[in-house]
Protein chains: 2
Amino acid sequence: MIKPVPRVLEIKKDILAKNDEGAKRNRGVFADRDVVALNFVSSPGAGKTSLLVKTITDIKEKFSITVLEGDQSTSNDARRIAETGVDVTQINTVSACHLDASMIEKALHDIDLSPVDFLFIENVGNLVCPASYDLGELMKIALVSVTEGDDKPEKYPKMFRMSQVLLITKTDLLPHVDFDVKKCIAHARIANPDIKAITLSSKTGVGLDEWYSFLTSLRNKK
Amino acid sequence: MIKPVPRVLEIKKDILAKNDEGAKRNRGVFADRDVVALNFVSSPGAGKTSLLVKTITDIKEKFSITVLEGDQSTSNDARRIAETGVDVTQINTVSACHLDASMIEKALHDIDLSPVDFLFIENVGNLVCPASYDLGELMKIALVSVTEGDDKPEKYPKMFRMSQVLLITKTDLLPHVDFDVKKCIAHARIANPDIKAITLSSKTGVGLDEWYSFLTSLRNKK
C-alpha cells in the first residue's frame, strides 16, 4: 500500500547484490570443505538457542559441529552453546537487524572448517530482515513457537518462502495456548508448498528423533 | 565487532533524518488535535493485538480510540481490532520491517482525529528495526511475553532504551516457563533506568487495572 522511495530501493538492490556475491563465495567454501551450513531464523525467543544446545548435546559424538551466533548485543547465547563443548563464534550486529554474508565470511577466517560436519548459524531473532540475506547456507530453517500464534507464516510470508524447513517448537506448551499446528503448517505451505514441517519440544524431547533423522539425511546426501 | 560500510551508514542517516522530519509533523498534528498516540512494539506473537482488543473492549465507553495496524502482510489483526467496533486502518509494509513516519502521515489523511483520545499504533512484530523510527508518538510501549525469555531487553537493548513502558505479557503462562520477571525488568532498566514496568495477562485480566490506570493518567496529564 505504501512504497519506499525509489532511491532507497536502488540502494537496497546494491546491498543485496553485493551480499549475494559474498554468499556465493561462502557457498563455495562450504562445498570445498564438505560442510553442511544451516541458517536458523525465527522471532526472538522462539527457542533457537535451546534447540541448538539440545541438538549439539545429543549428536556431538556422531558429528563435528561449529556454531556462529548472531545477536545485536551480548554473548549470552554463545556462552550457552560453549557449555556443550563445541566451538562457537559470537557476531554482534550492533544496529543491524540480521547477519549478512560478509559477517560470515569474516568469521570463517578464524575457523578451521576441515573437520566440521555441520555449521549451525543462529541468526538475529527477527522474522523479517534475515529472509532477504543469503549467507551461503545450504538452507534456512525457520522456527515458530506455539506461543507466538499459528498465523505467523501468513503474516511474515517471505521468511517461510525462503526457508526449506519449518520447526514448530515448544509443543510442551500446546495445552496452555490457542495454537493450531495444522493451520500453521498450512499457512507456511501457501508461502512455500515444499516446506518440510517438524513439531518438537526441546524441553520434553518429543519430535527430536525426527529432527535428528533429518539432520543425518543432510549429511548422508553429500 | 563487524561494521556496515560507511556508504550504507550515510544513506541510513539520510533516511532517519527524513523520518524525523515526518515524525515532527505527526507530533504537531497529535498536539493540535489533543490525541495521545502510543506506538506498540514487540517480537512477533508477544500479544500486542490481544492486549489492544482487550484494552479497547474495556475502555471504549470512556475514551474514543482509533487504531493503525502495521503488518508486512494480511489484514488479520485489523479484522480482530474492527470486531471491537473502533475504527482501524491497516498499513501493509510489504518488504519493510517497521512502520515509518510517512506511512503514519499518509494514513492520518483519511482519519478524523477530532474526537480521538487515543491513537494506538501497532508496529510490525520486530524487536530491532522499529526502535530507530520515531512515528511522532507520545511514547513507545514495548511488550515482552514470558515465553520469550527474560533476557530479551539485554539482547535487544535499543528497543528498551527507546521505550517508556515495558509490559510483561502472558503472565498466565509463568507456571510453565523459566522466566524471571525481576530479572527481565532489571535488564530493561540497564537500557533505560526510567522505564515503567507492568506485568499482565490479557487472558486472565491480571494486571490490567494497573495498565488502564496508566492509560488514564496519560489523558489526565493533558
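Just so we're clear, the structure is a prediction, and the values are computed from it rather than from any experiment.

Draft legend 1. Quick peek at the interface of chain B and chain A. Taken together, the 46 residues of chain B in the interface contact 47 residues of chain A. Summed over both sides, the interface between chain B and chain A buries roughly 4000 Å², with carbon and sulfur atoms accounting for 56% of that surface. At the boundary of chain B with chain A, the tally comes to 4 salt bridges. Viewed at the interface, chain A and chain B are joined by 14 residue pairs in polar contact (both at pLDDT 80 or more).

Draft legend 2. The nonpolar core, seen in detail. Within the largest apolar cluster, 48 residues are counted, with the highest numbers of intra-cluster contacts made by Phe160 and Leu166 of chain A together with Phe160 and Leu166 of chain B. If you list the elements that add at least two residues to this core, you get strand 5 (139-145), helix 6 (157-161), strand 6 (163-169) and helix 7 (181-191) of chain A together with strand 5 (139-145), helix 6 (157-161), strand 6 (163-169) and helix 7 (181-191) of chain B. Excluding its chain neighbours within four sequence positions, the residues that come into contact with Phe160 of chain A are Leu127, Ala142, Val144, Lys152, Pro153, Leu166, Ala188, Ala191, Asn192 and Ile195 of chain A.

Draft legend 3. Fine view of the pattern of salt bridges. Within the structure shown, the criterion is met by 21 salt bridges over all chains. Here Arg25 of chain A ties to Glu105 of chain A by a salt bridge, and the two come within 2.6 Å at their closest N and O atoms. Separated by 80 residues along the polypeptide, Arg25 of chain A in helix 1 (residues 6-32) and Glu105 of chain A in helix 4 (residues 101-108) bring together distant segments of the chain. By relative accessible area, Arg25 of chain A is classed as partly exposed at 46%. Here Asp58 of chain A ties to Lys54 of chain A by a salt bridge, and the two come within 3.7 Å at their closest N and O atoms. Here Asp58 of chain A pairs with Lys54 of chain A, and both are found in helix 2 (residues 48-59), just 4 residues apart, close to one helical turn. Exposure remark for Asp58 of chain A: the relative accessible area of 39% places this residue in the partly exposed category. Several salt bridges converge on common partners, so that one network encompasses Asp71, Asp77 and Arg80 of chain A together with Lys155 of chain B.

Draft legend 4. Summary view of the relation of the copies chain B and chain A. Rotating chain B by 180° and moving it 0.0 Å along the rotation axis overlays it on chain A with an RMSD of 0.0 Å. The two molecules are tied by a two-fold rotation axis, judged by turn and shift. When the interface residues of chain B are mapped onto chain A, 100% of them again fall at the interface, so both copies present the same face.

Draft legend 5. Region of the structure containing the sheet that holds strand 3 (residues 87-92) of chain B. Residues and elements named next belong to chain B. Taken in spatial order, the 7 strands of this open sheet run 3-2-4-1-5-6-7, and their pairing is parallel. Looking along the sheet, the strands with just one partner apiece sit at the ends: strand 3 and strand 7 (196-199). Neighbour-to-neighbour, the strand axes of the sheet open up by a mean angle of 20°, direction not taken into account. Relative to the sheet, helix 7 contacts strand 5, strand 6 and strand 7, its axis offset from that of strand 6 by approximately 165°. Each of strand 1 (36-42), strand 4 (118-122), strand 5, strand 6 and strand 7 is contacted by helix 8 (residues 208-220), which is oriented at about 140° to strand 7, the strand it contacts most.

Draft legend 6. Geometry of the state of the cysteines. Residue and element names in this part refer to chain B. Taken as a whole and judged by the stated rule, the model has 0 disulfides over all chains. With no disulfide of its own, Cys97 lies 3.1 Å from the sulfur of Cys129, the closest cysteine sulfur. According to the relative accessible area criterion, Cys129 is buried, its value standing at 7%.

Draft legend 7. A look at the environment of Ala101 of chain A. Residues and elements named next belong to chain A. Its place among the elements puts Ala101 in helix 4. Taking relative accessible area as the criterion, Ala101 reaches 0% and is therefore assigned buried. When the C-alpha atoms of Ala101 and Pro130 are compared, they prove to be 11 Å apart, with 29 residues separating the residues in sequence. Discounting chain neighbours no more than four positions away, the residues touching Ala101 are Asn19, Gly22, Ala23, Asn26, Asp134 and Leu135.

Draft legend 8. Representation of the sheet that holds strand 1 (residues 36-42) of chain A in the model. Residues and elements named next belong to chain A. A sheet is described by the order of its strands in space; here 7 strands give the open sequence 3-2-4-1-5-6-7, paired in parallel fashion. The open sheet has two edge strands with one neighbour each: strand 3 (87-92) and strand 7 (196-199). Going across the sheet, the axis of each strand differs from the next one's by a mean of 20°, ignoring polarity. As paired strands, strand 1 and strand 4 (residues 118-122) are joined by 5 bridges and run parallel to one another. From the neighbouring strand, Phe40 faces strand 4, where its bridge partner is Glu122. Sheet strands in contact with helix 4 are strand 2 (65-71), strand 3 and strand 4, and its direction is about 140° off that of strand 3. Packed onto the sheet, helix 7 meets strand 5, strand 6 and strand 7 and runs at close to 165° relative to strand 6.

What counts, and where the lines are drawn
Going along each chain's sequence as written, the residues are numbered from 1 onward. Labels are handed out in written order, letters beginning with A for the chains and numbers beginning with 1 for the ligands. Predicted model: local features are reported for residues with pLDDT of at least 70 only, side-chain atom pairs are reported and counted for 80 or more only, and whole-chain, interface and lining totals are derived from all residues. The side-chain values count all of the structure's non-hydrogen atoms but skip hydrogen atoms and water molecules. Contacts are assigned to residue pairs that have any heavy atoms within 4.5 Å of one another. The buried area of a pairing is the accessible area, by a 1.4 Å probe, that goes missing from both parts when the two are put together, added over both. When a carboxyl oxygen of Asp or Glu lies within 4 Å of a side-chain nitrogen of Lys or Arg, that pair is called a salt bridge. Residues adjacent in sequence count toward polar contacts only when both atoms are side-chain atoms; beyond that, a polar contact is any pair of N or O atoms within 3.5 Å, and within protein one must be able to donate a hydrogen and the other to accept it. In these notes, a set of buried Ala, Val, Leu, Ile, Met, Phe, Trp, Tyr and Cys residues joined through side-chain atoms within 4.5 Å is what counts as a nonpolar core. We call a residue buried when its accessible area falls under 20% of the maximum for its residue type, exposed when it is over 50%, and partly exposed in between, using a 1.4 Å probe and counting protein chains only. Secondary structure is summarised from DSSP: a helix means a run of H or I of at least four residues, a strand means a run of E of at least two, and numbering begins at the N terminus for each. A least-squares fit on C-alpha atoms brings the copies together, and the residues used are those whose pLDDT is at least 70 in both copies. Two strands pair under a simple rule: DSSP has to find at least two bridges between them. Interaxial angle, 0 to 180 degrees, is taken between N-to-C directions of lines fitted to C-alpha atoms, where a helix line uses only the stretch in contact. A pair of sulfur atoms, both from cysteines and within 2.5 Å, is called a disulfide here.

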